[in-house]
Amino acid sequence: MSNHALAELADPEWPVIESVTEYETGWFTGGYDLVEQPDGSEKKYYWAELAPAVVIVAVTDGQLLFVEQYRPTVRETQLELPAGIVEPGESFREAAARELREETGFAPAETTLIQDFWCSTGLLRHRRGFVFAEDLTPVDRELDSNEFLRPRAVTVEEAATVARSEPTNDATVEGVLLAEKDGML
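Residues numbered from 1 in each chain as written. Predicted model: local features only at pLDDT ≥ 70, side-chain atom pairs only at ≥ 80, totals over all residues. Heavy atoms only, no water.

The chain has the name NUDIX hydrolase in an unreviewed UniProt entry, where Halohasta litorea is given as its organism. UniProt, in the comment section headed Cofactor (unreviewed entry), describes the chain in these words: "Mg(2+)". (UniProt positions renumbered as here; feature names shortened; annotations may be inferred.)

Trainee: Any chance you could explain the pattern of salt bridges here in plain terms?
Mentor: A side chain with one charge may pair with a side chain of the opposite charge, provided their charged atoms come close. Inspection of every chain in the model, using the stated rule, returns 10 salt bridges. In this structure, Arg125 engages Asp33 in a salt bridge whose closest nitrogen and oxygen atoms are separated by 2.5 Å. One end of the pair, Arg125, is in strand 9 (residues 124-125); the other, Asp33, is in strand 2 (residues 28-36), and 92 residues separate them in sequence. In this pair, the class of Arg125 matches that of Asp33, namely buried. Across the pair Arg150 and Glu68 runs a salt bridge whose closest N-O atoms are separated by 2.1 Å. Placement of the pair is Arg150 in strand 11 (residues 149-155) and Glu68 in strand 5 (residues 63-71), with a sequence separation of 82 residues. Here Arg150 falls in the partly exposed class, since its relative accessible area comes to 49%. (Salt bridge = Lys/Arg side-chain N within 4 Å of Asp/Glu carboxyl O. Helix = DSSP H or I, 4+ residues; strand = E, 2+ residues; numbered from the N terminus. Buried < 20%, exposed > 50% of the residue type's maximum accessible area, 1.4 Å probe, protein only.)

Trainee: In this structure, what is going on with the side chain of Glu103? I would like to understand it.
Mentor: Residue placement: Glu103 occurs in helix 2 (residues 92-104). The buried charged residue Glu103 lacks any salt bridge, with Arg71 as its nearest oppositely charged partner at 6.6 Å. For Glu103, the side chain forms a polar contact with the main-chain nitrogen of Ala83, separated by 3.4 Å. If near-sequence neighbours (up to four positions away) are discounted, Glu103 is found in contact with Val67, Pro82, Ala83, Arg141, Leu143, Glu147, Leu149 and Pro151. (Lys, Arg positive; Asp, Glu negative; His and termini not counted. Polar contact = N/O pair within 3.5 Å; in protein donor to acceptor, adjacent residues only side chain to side chain. Contact = heavy atoms within 4.5 Å.)

Trainee: Mind showing me how you'd approach the sheet that holds strand 9 here?
Mentor: For sheets, the rule is that strands pair by backbone hydrogen bonds, running either parallel or antiparallel. Spatial ordering of the open sheet is given by 1-2-3-9, a layout of 4 strands whose pairing is mixed. Of all strands in the sheet, those with a lone pairing partner are strand 1 (16-24) and strand 9, marking the two edges. As paired elements, strand 3 (residues 42-50) and strand 9 share 2 bridges and run parallel to each other. In the strand pairing of strand 9, Glu49 is matched with Arg125. (Pairing = 2+ DSSP bridges.)

Written as structure tokens, this is what we have:
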């Protein structure tokens, strides 16, 4: 189990008889916990563990920044909020500033954590943080070797409509709606 998830998992309410890691890929770890359920029966609960991720809601000059990229897992090109993995030792806010610079070529003067929470808890051990970034300054982009994306901007007024238009994903919809609900958009 990674240090990220290990530090954040609560003590189990149901007895864990055995916890088994079946595979590690460097990108995610997978396995199961053999758990004693409240009725005394035992069941394997499978999980995949991913490093924490950050999703950035970045606004500049009345525009919300998106990135357009092809997602081989779902075989679609999506217009989504910039996002990435939180490196060990980084906060969600620090990761947001780094990822925004790398993916869009903008550095934020200010970042605010909107919220962080567990995702897809029926299968994943994965936390996602949503960060609002503002007061942006243009900088050079530094894409990772597996990033083939194009920055795009839409007006803040169009943000929710664009985020909810197919093809879309959970992180983009959640980020825009959380920021909108908190009065940031």
